[in-house]
Structure formats: structure tokens, C-alpha cells
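Notes for the structure review
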Amino acid sequence: MKKIFLTAIAVLGFAFANAQTTGFSKGDAFISGALNVHSTKEGDAKANGFIIEPRVGYFVSENIAIGAKLGFGTTKIGEDKTNNFTAGAFGRYYFTPASQFSVYGQAGIDFTTLKEKPSDFKSNEFGANVGLGLSYFLSNHFAIEATWLGLGYSVNNNGGHGADKTNSFNFGTDLRAVTFGVVYKF
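So, here's what we can say about the structure. (Residues numbered from 1 in each chain as written. Predicted model: local features only at pLDDT ≥ 70, side-chain atom pairs only at ≥ 80, totals over all residues. Heavy atoms only, no water.)

Some thoughts on the overall build of the protein
When you go through the protein residue by residue, the secondary structure sums to one helix and nine strands. For the protein, the sequential pattern of α-helices and β-strands runs α-β-β-β-β-β-β-β-β-β. At a minimum sequence separation of 6, the contacts of the protein that also span at least 24 residues come to 54%. For the protein, the computed accessible surface area is about 11800 Å², with 63% contributed by carbon and sulfur atoms. (Helix = DSSP H or I, 4+ residues; strand = E, 2+ residues; numbered from the N terminus. Contact = heavy atoms within 4.5 Å. Areas by Shrake-Rupley, 256 points an atom, 1.4 Å probe, with all protein chains shown as cover.)

Spelled out as C-alpha cells, the structure:
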């Protein structure tokens, strides 16, 4: 899978190598997002699911972009199924937005609601995170980006009704947690 992904990036890079690139500027909008499909089998136990999370952003100034995301995911393990819905907002500061290559800092907040079936267990989670990213334009409209979220905090109510909340704090330099994506600027 990694070889296919890297080959696709290389092909896109060569296809757009001669195109003039301008980066981002005030008033530009972009879309990106995430798609993850997973399947695991161990013995007779099977687990599968997916997550889709489109994201849209808008440059309110030369260096600052704000945006929102919506996400839906589902995981099925045997007869148990978990659905989740996420809504979030983010802000980015691009250090050199008008160039082909730019580094940015990002901060975001997310709200996720999870529902399990057949038990009808429900929980809500609120999270906040900050991190760094890189954006590289392949053409006037397409860029690839890599994002690393290095600091995060979340709280899950574990269904409420007197249940203890789960508070999580993450900080690290785990470069295995870098995500890659494609951005379309319009």
C-alpha cells in the first residue's frame, strides 16, 4: 500500500512539474480530507470499517486560514457495531503561503459522538490539538500536505449518567503519526 501511495505521488509530481505554482493568498479556499478503510481478521474474529472526513478552509488573510470538517466512521467487530460522527474547526498559520512550499502551524477542536449497537451505548468526546504541517504545490490547484499533531487533549463522558470521564493528554514526537493528504485550491 505504501508503494502504491508513493508511486501515485511521484506520478502527480511529474505530471505537474512544469506547471507554474503560486501557493495560497487571501481569499483562496481549499478542500481536503481523510479516508480510511480497515479490515482485520484473526482466526474467526473479523473487524472492518471506514472513516471519511472532508475538510474545507478559507484564507481570511495572507497567512491565516480557518476551516471546518465533518466526519463519519463505522467499525464492526462480530455483531457489535460502533458509529461515530465528528464535527470540528481548525485554524492554520502559514509562514510562507504564497510560495510553492510552506510550513504551517495548526490548532483545532473536535466534537465526536459515538453510538454502539446492539447495546445502544452512547458517549461524547471533546478534543483539542495543535501541530505542524507542510504544504507543497504540484500545480496552481493541487498540493500535497503532511500534518503532524504533536499535542492533544480530549475528554470522553463514557455515556454520562455518573460514569467517570476519561481525560487523555498526548504529547510526542512520533513521526509514525504523520498524515499525508491532497489539497485542491479553488
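Regarding the pairing of strand S8 (residues 166-171)
Within S8, only zero of the six residues are buried, which leaves it mostly out in the open. Where strand S7 (residues 142-156) meets S8, six bridges bridge the pair, whose relative direction is antiparallel. Following the sheet pairing, serine 154 is matched in S8 by serine 168. (Buried < 20%, exposed > 50% of the residue type's maximum accessible area, 1.4 Å probe, protein only. Pairing = 2+ DSSP bridges.)

Concerning the packing of aromatic side chains
Inspection of the entire model under this criterion finds twelve aromatic pairs. Note on phenylalanine 24 and phenylalanine 30: the rings are 5.6 Å apart at their centroids and 50° apart in plane angle, and the pair reads as tilted. Each member of the pair, phenylalanine 24 together with phenylalanine 30, is buried. When the ring of phenylalanine 50 is compared with that of phenylalanine 72, the centres are 5.9 Å apart and the planes differ by 55°; the resulting orientation is tilted. Residue phenylalanine 50 is located in strand S2 (residues 45-59), and its partner phenylalanine 72 is located in strand S3 (residues 64-77); the two are separated by 22 residues in the primary sequence. On the basis of relative accessibility, which here comes to 30%, the residue phenylalanine 50 falls in the partly exposed class. Put simply, the rings of Phe24, Phe30, Phe59, Phe90, Tyr94, Tyr104 and Phe137 touch in pairs and so form one group of aromatic residues. Positioned above the aromatic ring of phenylalanine 90 is the side chain of arginine 55, whose terminal nitrogen or guanidinium carbon lies 5.1 Å from the ring centre. (Phe/Tyr/Trp six-rings, centres within 6.5 Å; stacked < 30°, edge-to-face > 60°. Lys NZ or Arg CZ within 6 Å of the ring centre and 35° of its normal.)

Quick look at unusual backbone geometry
Following lysine 117, the chain continues into proline 118 via a peptide bond in cis, with omega recorded as 10°. With a phi close to 60°, aspartate 120 is a non-glycine residue in the positive phi region. By the element assignment, aspartate 120 lies in the loop between strand S5 (101-117) and strand S6 (122-137).

Digging into a positive patch on the surface
Positive charge collects at one region of the surface, where Lys76, Lys81, Lys117 and Lys122 lie side by side. Mapped onto the fold, lysine 76 is located in strand S3. (Patch = residues over 30% accessible without salt bridge, like charges linked within 9 Å, V, L, I, M, F, W, Y side chains within 5 Å. Salt bridge = Lys/Arg side-chain N within 4 Å of Asp/Glu carboxyl O. Lys, Arg positive; Asp, Glu negative; His and termini not counted. Charge placed at Lys NZ, Arg CZ, Asp CG, Glu CD.)

Brief notes about the environment of isoleucine 109
Its location among the elements puts isoleucine 109 in strand S5. C-alpha separation for the pair isoleucine 109 and alanine 128, spaced 19 residues apart in sequence, amounts to 4.4 Å. Not counting the four nearest positions on each side in its chain, isoleucine 109 is found in contact with Ala87, Gly88, Ala89, Phe126, Gly127 and Ala128.

Some remarks on the pairing of S2
With 14 bridges joining them, strand S1 (residues 29-42) and S2 adopt antiparallel strand pairing. Each bridged residue has a counterpart across the sheet, and for leucine 35 the counterpart in S2 is isoleucine 52. Here S1 folds back onto S2 in antiparallel fashion, the turn holding two residues, of which glycine 43 has a positive phi close to 65°. In this sheet, S3 lies alongside S2 in antiparallel orientation, the contact comprising eleven bridges. From the neighbouring strand, tyrosine 58 faces S3, where its bridge partner is isoleucine 66. Linkage of S2 to S3, two consecutive antiparallel strands, is achieved through a turn of four residues.

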